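Close look at the chain arrangement
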Protein chains: 2
Amino acid sequence: MNPSSDRRQITGFSNPTVKYLRSLRDKKHRKAAGKFLAEGLRLLTDARECGHVPEILVMASGRDPHPLLDALESDVTAAGGEVIETTPDILGKITGKANPQAVAGVFAEFDTSLASLDRSAAPIWLVAQALRDPGNLGTMLRTGDAVGAGGLILIDDCADPFSVEAVRASMGAVFTQKLARARWDEFLPWLRTGPGQLVAASLRDAVPYRGAPYQAPCFILVGNESQGLPEEYEAACDLRVTMPMRGRADSLNAAMAGAVLAYEVLAELEG
Amino acid sequence: MNPSSDRRQITGFSNPTVKYLRSLRDKKHRKAAGKFLAEGLRLLTDARECGHVPEILVMASGRDPHPLLDALESDVTAAGGEVIETTPDILGKITGKANPQAVAGVFAEFDTSLASLDRSAAPIWLVAQALRDPGNLGTMLRTGDAVGAGGLILIDDCADPFSVEAVRASMGAVFTQKLARARWDEFLPWLRTGPGQLVAASLRDAVPYRGAPYQAPCFILVGNESQGLPEEYEAACDLRVTMPMRGRADSLNAAMAGAVLAYEVLAELEG
């Protein structure tokens, strides 16, 4: 049987399914539906190889054939999902990009409770406080993937990790990294129920970041893009480290500081 | 004399000066005018302290008074520049932000020729090839500032460092870092006319990035966000280094890789 016979064809912008898919670009609708959008064959293939099969697969008509796309389509159908074929214009409306990737998928949001994390599963965890930029958030997921971190814990009011921008910037790491969301007064007690060193870049009472006594599992805490970490959050850390600042600025971009620190921790732990 | 008496008041969206200022958000018009926009009191104060006084200063009416703004206004007037007061709505139109900062300035673009660089002025220089994202570009400027780099050299077709987005992401580092733009076949001969080690992150024929034999002045070359460096560019480097990649992805965000490498080079050079 030709797999294309299972595809639902949609050609109208006002189709209710198109409206539903477009609505997932909006945080409120994502939250209500518990679903999110990811786009691009490479990202969807990464997702599939990590065990995440989209519930709905949307393909542009007239795209180039690809064996990975065929494999994806088979998996979606086998899992009882839906495959939709539509025009590139409509796909662009759904993903909000003028030149959309040829394929997008709808996934169920993951469990983002602290209880879902196994802290012993990785030597490094990234923790972001009030990170507002979805691009920074996605980049931190990507950095976590690169250093072999277990996941990203979002403290207080952060950008939505399931936004199209964050998913895009994560380059697929949203599927390889665990995600958790918590208030500070939930996170800290949870952390203290087991092993875990909380480390922050700081200007106060800190040791040089290079060669500092990092210990696994090491939780690297990065603060808000413009305010940095609240003083009491810094004070609660087990280790405060300083990074050289040779110029006029007194801080790095939050995602950047996280990456430099994460690579340092990786090197020291593996020393 | 009250400085406010020198301020030109503009209240109409269709005013030609407003149109001119708005046009500077567009690359073509920036290039034709040789000017660019920067916004925010902190950024303009950084600029002033680095010797860059705006040719035109635009202030929102009804903003809070501030001694730094007074100082800026005096300097602009003393340098023969123009001070404009307008409504917050019009200022928002000019900067493209719904909640604009209370002040913006127009600056003359800098000399971005290789000849304007003094390579002996700093131990580290960042070099980006075909960097397309203005946010990444601004972030690299900020990283350069943090590690005490001399500047950022843009190779081939990069985002415009004078775009509002790049200037904003640089957090003022556009005024502290030197900027140069060149084709690869201009850059490489220029580099070879003096001391300078060209280093790239690479997967081929490379040594671990940690503890590699870096030498000042060290030129850290970072490739395009999606394609990475062309093979012949990598081959022309004096040193190729690998960074650990523990996850599914085979690369870091370009600005992130640049930051991790720049901090490593800084630590090794100062070892």
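Residues numbered from 1 in each chain as written. Chains lettered and ligands numbered in written order. Predicted model: local features only at pLDDT ≥ 70, side-chain atom pairs only at ≥ 80, totals over all residues.

1. Observations concerning unusual backbone geometry
Basically, it comes down to this: Runs of E in the DSSP output that reach at least two residues are strands. Runs of H or I that reach at least four are helices, and both are numbered from the N terminus. To sort residues by burial, count the other C-beta atoms lying within 10 Å of each one's C-beta; a count of 20 or more means buried, 12 or fewer means exposed, and anything in between means partly exposed. C-beta atoms are built from the backbone.
The residue after A:A216, namely A:P217, is reached through a cis peptide bond having omega -10°. Non-glycine residue A:M171 carries a positive phi angle of around 50°. Among the structural elements, A:M171 can be located in the loop between helix 7 (164–169) and helix 8 (173–176). The phi torsion at B:A130 lies on the positive side, around 50°, for a residue other than glycine. As for its position among the elements, B:A130 is in the loop between strand 6 (124–129) and helix 6 (134–147). The exposure class assigned to B:A130 is buried, which follows from the 22 C-beta atoms found within 10 Å.

2. Looking at the interface of chain A and chain B
Stated formally: By the convention adopted here, residues are in contact when the distance between their C-beta atoms, placed from the backbone, does not exceed 7 Å. Under the scheme applied here, ten amino acids are nonpolar (Ala, Val, Leu, Ile, Met, Phe, Trp, Tyr, Cys and Pro), four are charged (Asp, Glu, Lys and Arg), and all others, including Gly, are polar.
Contacts between the two partners involve 29 residues from chain A, matched on the other side by 29 residues from chain B. Of all the secondary-structure elements, those providing two or more residues to the side of chain A that touches chain B are helix 6 (134–147), helix 8 and helix 11 (254–270) of chain A. Across the side of chain A that touches chain B, the residue classes break down as 15 nonpolar, eight polar and six charged.

3. Regarding the confidence of the model for chain A
Our working definition: Confidence of the prediction at every residue is given by pLDDT, a number between 0 and 100.
Per-residue confidence for chain A averages 93 on the pLDDT scale, and 98% of its residues sit at or above 70. For this predicted complex, the interface score ipTM comes out at 0.89, alongside a pTM of 0.90.

4. Details of the relation of the copies chain A and chain B
In plain terms, the rule: Least-squares fitting of one copy onto the other uses the C-alpha atoms of those residues that reach a pLDDT of at least 70 in both copies.
Superposition record for chain A on chain B: RMSD 0.0 Å, screw rotation 180°, translation along axis 0.0 Å. Such a turn and shift between the copies fits a two-fold axis. In terms of C-alpha distance to the rotation axis, chain A has A:V260 as its closest residue, with the C-alpha 2.4 Å off the axis. An overlap of 100% is found between the interface residues of chain A and their copies at the interface of chain B, pointing to a shared contact surface.

5. Brief notes about the nonpolar core
So the rule is basically this: Under the definition applied here, buried Ala, Val, Leu, Ile, Met, Phe, Trp, Tyr and Cys residues are grouped into a nonpolar core through C-beta atoms within 7 Å.
Residues A:A128, A:I220, A:A262, B:A128, B:I220 and B:A262 are the most contacted members of the largest nonpolar core, which totals 170 residues. Apart from residues no more than four positions distant in its own chain, B:A262 is found in contact with B:I124, B:L126, B:T143, B:V147, B:A149 and B:I220.

6. As for the domain arrangement of chain A
All names here are of chain A. The test is simple: Boundaries of every domain are those given by an automatic assignment or by a domain database.
For chain A, the domain assignment lists domain 1 (3–108) and domain 2 (114–270). Contributions of two or more residues to the side of domain 1 that touches domain 2 are made by helix 2 (27–33), strand 2 (35–39) and helix 3 (41–49). A total of four residues in the side of domain 1 that touches domain 2 trace back to one element, the largest contributor, which is helix 3. Looking at the side of domain 1 that touches domain 2 residue by residue, the class counts come to six nonpolar, three polar and five charged.

7. Considerations on the sheet that holds strand 2 (residues 35–39) of chain B
Residue and element names in this part refer to chain B. The condition is simple: At least two bridges found by DSSP between two strands is the condition for calling them paired. Comment: axis = line fitted to C-alpha atoms, over the contacting stretch for helices; angle = value between 0 and 180 degrees taken between N-to-C directions.
Ordered by their spatial adjacency, five strands build an open sheet running 1-4-3-5-2, and the pairing between neighbours is mixed. Strand pairing shows two members of the sheet lacking a second neighbour, strand 1 (8–10) and strand 2, which therefore form its edges. Direction aside, the axes of adjacent strands within the sheet are offset by 25° on average. Bridge analysis of strand 2 against strand 5 (residues 103–108) gives five bridges, and the strand direction is antiparallel. Residue pairing across strands places K35 opposite A108, the latter belonging to strand 5.

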